[in-house]
Amino acid sequence: MQFLFRPNTDTNTCEPCGDLAQFTSQPVSLAMAYVPVQCWEQIYEPDTGLTRGTIFPDLDKPFIGEEAVPGGRG
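Residues numbered from 1 in each chain as written. Predicted model: local features only at pLDDT ≥ 70, side-chain atom pairs only at ≥ 80, totals over all residues. Heavy atoms only, no water.

How should I be thinking about the overall build of the protein in this particular structure?
Counting its secondary structure elements, the protein contains 1 helix and 2 strands. The order of α-helices and β-strands along the protein, N terminus first, is β-β-α. Across the 74 residues that make up the protein, the buried fraction comes to 9%. Once local pairs closer than 6 in sequence are excluded, the contacts in the protein between residues at least 24 apart make up 2%. As displayed, the protein offers around 7,200 Å² of accessible surface, 57% of which is attributable to carbon and sulfur atoms. (Helix = DSSP H or I, 4+ residues; strand = E, 2+ residues; numbered from the N terminus. Buried < 20%, exposed > 50% of the residue type's maximum accessible area, 1.4 Å probe, protein only. Contact = heavy atoms within 4.5 Å. Areas by Shrake-Rupley, 256 points an atom, 1.4 Å probe, with all protein chains shown as cover.)

What is the right way to look at the pattern of salt bridges in this model?
What the rule picks out here adds up to 1 salt bridge. Here arginine 52 makes a salt bridge to aspartate 60, at a shortest N to O gap of 2.8 Å. What makes arginine 52 partly exposed here is its relative accessible area of 46%. In this structure aspartate 60 comes out as buried when scored by relative accessible area, which is 15%. (Salt bridge = Lys/Arg side-chain N within 4 Å of Asp/Glu carboxyl O.)

Sorry if this is basic, but what is going on with the packing of aromatic side chains here?
Each pair of aromatic rings is reported with the distance of its centres and the angle of its planes. Tallied over the entire structure, the rule returns 1 aromatic pair. When the centroid spacing of 5.4 Å and the interplanar angle of 85° are considered together, the rings of tryptophan 40 and phenylalanine 56 count as edge-to-face. One end of the pair, tryptophan 40, is in the loop between strand 2 (13-16) and helix 1 (46-52); the other, phenylalanine 56, is in the segment after helix 1, with 16 residues separating them in the sequence. Exposure remark for tryptophan 40: the relative accessible area of 64% places this residue in the exposed category. For phenylalanine 56, a relative accessible area of 28% gives the class partly exposed. (Phe/Tyr/Trp six-rings, centres within 6.5 Å; stacked < 30°, edge-to-face > 60°.)

Please explain a nonpolar patch on the surface as it appears in this structure.
On the surface, a cluster of nonpolar side chains totalling about 320 Å² of accessible area is made up of Trp40, Ile43 and Ile55. Tracing the backbone shows isoleucine 43 in the loop between strand 2 and helix 1. Isoleucine 43 gets classed as partly exposed once you look at its relative accessible area, which sits at 35%. (Patch = residues over 30% accessible without salt bridge, like charges linked within 9 Å, V, L, I, M, F, W, Y side chains within 5 Å.)

Next comes the structure, spelled out in structure tokens:
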């Protein structure tokens, strides 16, 4: 396996491994995030938030795993 970057613990940065030109001629970003603006709405009580893993009802989505895959193991 070939890595594009290696961590540099002295400077807390990542440095290129070898020549990145073999992959792209453009600058390479490690990651890009998109976080939409969210309105602060109703939140769960602290004990409910700890149980559900979030205090925000809009983010409280059930994990259905293999149930969502047609023909999956059941």
